[in-house]
Amino acid sequence: MNLDWNDLHYFILLVEKQTLTATANALEVEHSTVSRRIERLEKQLAVHLFDRINKRYLLTDEGKRLYDEAKKLQLNIHQFTQTAKDSRQSIDEVAVSIPPFVAKGLIAPHLGAFYQRFNNIRLVLQSESGVSNLHQRQADIALRIAKPQQDDLVAKRLRNVHYYWYAHPHYLEHTPSEKRQYMSLNLSGTHGDWLQTELTGKTVRFVCNDFQLMKSAIQQQVGIGLLPDCYAEDTDFVQVDSNSTFSAPMYLVMHEDVRHAQKVRAVADFLIEVLGE
């Protein structure tokens, strides 16, 4: 027996409205449609559901028993459709590990665009300079300056990050070149090697490990400091030693096991779009 749920819906509503006209008005159909569906349901069930008294449809004893079961089915179907709706509207969480300067300088300006496009993803930005352990699922995606060497990590090269020496224009105006001092960062790898070479023979007045602090120190005319170019876009800083720059590629890194997950892929594609060259 292949029952049509819509026939049961008509049946329930006719029980509650009692007349074909009222039921048809509620369903926005012709009253003949209601009559035809009820007749089909009675034929399929081989049960007389209603006694027709004048224009009213009153349940038979068999109809009363089936009405109770039909209401249970209606509740189950409503719960089923609500569960499906909740599933479609559920929030998926994607964790992205990002160096602080990338989060503030490159990702923050695109957060509005991200949430306009993805209303079912909760983005968890873990702003950190260390290497997040993708193997232990501390993050789904990592943005890194150094390319990972592990075989089970997949890396996509993004844009180059360019670093320049900057100073406040008033500092340059009021400080003779022979008295200008520099500010250093605690960097490692090729970044650190380049920086150490650059600062050889120069007076270093301030050291930190955060580009936001460096930006603030430059603004306060403490000295000449190194910044990614994205940090200086909203300032009036002046580039110093324009021939002395450093560039390094940024990589989007994912574990092989999670990179095909739909939610992770969606976030990865967005980051590639806004951070690619």
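Rules used in this analysis
- Residues numbered from 1 in each chain as written.
- Predicted model: local features only at pLDDT ≥ 70, side-chain atom pairs only at ≥ 80, totals over all residues.
- Heavy atoms only, no water.
- Axes fitted to C-alpha atoms, helices over the stretch in contact; angles between N-to-C directions.
- Helix = DSSP H or I, 4+ residues; strand = E, 2+ residues; numbered from the N terminus.
- Parallel < 35°, antiparallel > 145°, perpendicular 65-115°, else oblique.
- Left-handed = near helix turned anticlockwise from the far one by under 90°.
- Contact = heavy atoms within 4.5 Å.
- Domains from an automatic or database assignment.
- Buried area = accessible area lost by both parts, 1.4 Å probe.
- Salt bridge = Lys/Arg side-chain N within 4 Å of Asp/Glu carboxyl O.
- Polar contact = N/O pair within 3.5 Å; in protein donor to acceptor, adjacent residues only side chain to side chain.
- Core = buried A, V, L, I, M, F, W, Y, C linked by side-chain atoms within 4.5 Å.
- Buried < 20%, exposed > 50% of the residue type's maximum accessible area, 1.4 Å probe, protein only.
- Phe/Tyr/Trp six-rings, centres within 6.5 Å; stacked < 30°, edge-to-face > 60°.
- Lys NZ or Arg CZ within 6 Å of the ring centre and 35° of its normal.
- 1 Å grid on protein atoms, 1.4 Å probe; cavity = no way out; pocket = protein on both sides within 12 Å on 5 of 7 lines; lining within 4 Å.
- Points joined across faces, edges and corners; volume = space filled by probe spheres on them.
- Lys, Arg positive; Asp, Glu negative; His and termini not counted.

Q: Where do I start with the packing of helix α1 (residues 5-17) against helix α3 (residues 31-45) in this structure?
A: The packing of two helices is summarised by the inter-axis angle and the distance between the axes. Where α1 meets α3, the closest approach of the two axes is 9 Å, and the angle between their N-to-C directions is 110°. Here α1 is positioned roughly perpendicular relative to α3, judged by the angle of their axes. As for how α1 packs across α3, the hand of that crossing is left-handed. Between α1 and α3, the contacting residues are N6, D7, L8, Y10, F11 and L14 on the first element and T33, V34, R37, I38, R40, L41 and Q44 on the second.

Q: Teacher, can you tell me more about the domain arrangement of the chain here?
A: Size of an interface, as often reported, equals the accessible area lost when the parts are brought together. Domain assignment breaks the chain into domain 1 (5-87), domain 2 (92-160 + 249-275) and domain 3 (161-246). The C-alpha-based centres of domain 2 and domain 3 are spaced at 28 Å. Listed by partner, the interface residues are 9 residues for domain 2 and 10 residues for domain 3. Interface of domain 2 and domain 3: buried area, both sides summed, is about 780 Å²; carbon and sulfur atoms make up 70% of it. The largest contributions to the domain 2 side of the interface with domain 3 come from F101, K104 and N160, which together make up 63% of the buried area. Summed over the shared surface of domain 2 and domain 3, the result is 1 salt bridge. The closest approach of N and O atoms between D210 and K104, which form a salt bridge, is 3.9 Å. Inspection of the domain 2/domain 3 interface yields 0 residue pairs in polar contact (both at pLDDT 80 or more). Looking at the side of domain 2 that touches domain 3, the elements with two or more residues in it are α5 (100-107) and β6 (153-167). Counting residues per element, the side of domain 2 that touches domain 3 draws most heavily on α5, which supplies 5 residues.

Q: Looking at this structure, how should I read the nonpolar core?
A: In summary, soluble globular proteins display a tendency toward joint burial of nonpolar side chains. Ranked by internal contacts, the top residues of the largest apolar core, which has 55 residues, are I141, W165 and V267. Here this core gets 8 residues from one element, more than from any other, and that element is helix α10 (residues 262-275). Both of domain 2 (92-160 + 249-275) and domain 3 (161-246) provide at least three residues apiece to this core. Look past the residues within four positions of V267 in its chain and what remains in contact with it is V94, V96, F114, I121, L123 and I141. In this structure, L8, I12, V34 and A70 belong to the second largest nonpolar core, which totals 18 residues.

Q: I would appreciate a short explanation of the environment of T203 in the present structure.
A: Within the element layout of this structure, T203 appears in the loop between α8 (189-198) and β8 (204-208). When the C-alpha positions of T203 and K179 are compared, they lie 8.8 Å apart, and in sequence the two are 24 residues distant. Non-local contacts of T203, meaning those with residues more than four positions away in its chain, are made with Q181 and Y182.

Q: Whenever I open this one, the packing of aromatic side chains confuses me. Can you help?
A: Any two aromatic rings considered together are summarised by their centre-to-centre distance and by the angle between their planes. Counted by the stated rule, this structure contains 16 aromatic pairs. Arranged with centres 5.2 Å apart and planes meeting at 80°, the rings of F114 and F270 form a pair that is edge-to-face. In this pair, F114 is assigned in helix α6 (residues 111-117) and F270 in helix α10, connecting sequence segments 156 residues apart. The same class applies to F114 as to F270, namely buried. Ring pairing ties together the aromatic residues F101, Y163, W165, Y182, W194, F211, Y231 and F246, which thus form one cluster. Its guanidinium or amino end placed over the ring of Y10, R37 lies 4.7 Å from that ring's centre, counting from NZ or CZ. Just above the ring of Y182 sits the side chain of K202; from NZ or CZ to the centre is 5.5 Å.

Q: What is the right way to read the pattern of salt bridges from this model?
A: In a structure, side chains of opposite charge can pair up when their charged atoms sit close to one another. Evaluated as defined, the whole model comprises 10 salt bridges. Put simply, E16 and K71 hold a salt bridge, and the shortest N to O gap is 3.3 Å. Pair noted here: E16 is in helix α1 and K71 is in helix α4 (residues 61-89), with a separation of 55 residues, a long-range link. Linked through salt bridges whose partners overlap, the residues forming this network are D7, R37 and R40.

Q: Would you mind showing me how to read the layout of surface pockets here?
A: Over the atoms, a rolled probe matching the size of one water molecule traces out where space is still vacant. Here the second largest pocket defines a volume of roughly 180 Å³. Secondary-structure elements contributing two or more residues to the lining of the second largest pocket are α5 and β6. If you tally residues by element for the lining of the second largest pocket, the top one is β6, at 4 residues. When residues of the lining of the second largest pocket are assigned to domains, at least three map to each of domain 2 (92-160 + 249-275) and domain 3 (161-246).

Q: Even after reading the chapter, I still don't get the side chain of E198, so can you show me in this structure?
A: Along the chain, E198 turns up in helix α8. One buried charged side chain, E198, makes no salt bridge at all; its nearest oppositely charged neighbour is K202, positioned 5.2 Å away. A polar contact of 3.3 Å, which involves the side chain of E198, links it to the side chain of W165. In this structure E198 touches W165 and S244, once residues within four positions along its chain are discounted.

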